[in-house]
Amino acid sequence: MEYSQQKLVEEIKNKNTLAYEHMISKYTRTIYYLAHTILSPACSKEDIEECVSDVFLDAWLKIDEFDPERGNFRTWLLIITKYKALTYKRRNTVTNVVDIEDFEVKANYNLEKEFFLRQDQEKVVETINSFNEMDKKIFFRRYFFNEKISDLAKAFNLSRSAIDNRLLRGRRMIKEALNCERKENI
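Residues numbered from 1 in each chain as written. Predicted model: local features only at pLDDT ≥ 70, side-chain atom pairs only at ≥ 80, totals over all residues. Heavy atoms only, no water.

1. Some details on the layout of surface pockets
The calculated volume of the largest pocket comes to roughly 480 Å³. Lining the largest pocket we find 16 residues, and of these K26, Y27, T30, R74 and E147 sit closest to its centre. Sorting elements by how many residues they give to the lining of the largest pocket places helix α2 (residues 17-39) first, with six residues. For the lining of the largest pocket, the per-class residue count stands at five nonpolar, five polar and six charged. The calculated volume of the second largest pocket comes to roughly 290 Å³. Taken together, L34, N72, R74, T75, L78, I79, K136, K137, F140, R141 and F145 make up the lining of the second largest pocket. When contributions to the lining of the second largest pocket are tallied by element, the ones reaching two or more residues are α4 (73-92) and α6 (133-143). (1 Å grid on protein atoms, 1.4 Å probe; cavity = no way out; pocket = protein on both sides within 12 Å on 5 of 7 lines; lining within 4 Å. Points joined across faces, edges and corners; volume = space filled by probe spheres on them. Helix = DSSP H or I, 4+ residues; strand = E, 2+ residues; numbered from the N terminus. Nonpolar A, V, L, I, M, F, W, Y, C, P; charged D, E, K, R; others polar.)

Here you go:
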């Protein structure tokens with residue numbers, strides 16, 4: 001059975017286990033991807049899977065905290081995922097203590113290179129934020145959530161070529177912005 005967002009939330013509030021199973025099947029991939037992105041180097045696959053399970057349990061137990069006025073259900077789940085994953089990461093991070101005597105600075109570390117890399121990242125985010133709302137959503141969902149172009153075409157009721165063109169235009173805008181930034185710094 002397919003549920004609308006409102007119906008899904010209502011049914012979960014009514015503790016309908018079929019709605020809970022539907023939520024899990026619909027959102028597992030997205031939630032796993034975000035949890036994996038946050039936890040991947042620090043935590044094991046089992047920790048990531050446990051985090052995802054905890055997210056769904058929290059959603060089940062705290063469904064009354066969901067406010068449709070503040071955002072959609074998927075976003076609410078992703079926020080829960082973010083904070084749950086950060087908690088897991090803090091819990092599983094081992095503090096490494098290094099004796100200052102044993103520490104040596106690597107010769108290939110280039111402060112200037114790091115500075116320009118950080119500037120490039122900030123310029124990319126600034127450029128993406130300048131996109132119109134639809135292009136911004138398409139760009140984020142494609143490159144940050146790794147959604148398929150065919151899924152984006154369905155979600156935005158556009159053709160595949162229209163999605164491809166919007167992504168191409170966005171990449172060109174980012175490339176232009178980075179090239180302009182570099183020319184200014186020369």
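There's more to say after this.
2. Quick word on the environment of E10
Tracing the sequence through the fold places E10 in helix α1 (residues 5-13). By relative accessible area, which is 35% here, E10 ends up partly exposed. Considered as a pair, E10 and D64 are 54 residues apart in the sequence and their alpha carbons are 9.6 Å apart. (Buried < 20%, exposed > 50% of the residue type's maximum accessible area, 1.4 Å probe, protein only.)

3. Focus on unusual backbone geometry
We note that K15 has phi near 60°; this positive angle belongs to a residue other than glycine. By the element assignment, K15 lies in the loop between α1 and α2. Its relative accessible area of 40% is what places K15 among the partly exposed residues. Even without being a glycine, N157 presents a positive backbone phi close to 55°. Inspection of the secondary structure assignment puts N157 in the loop between α7 (149-156) and α8 (160-185).

Note that every value here comes from positions in space, so none of it alone points to a role or purpose.
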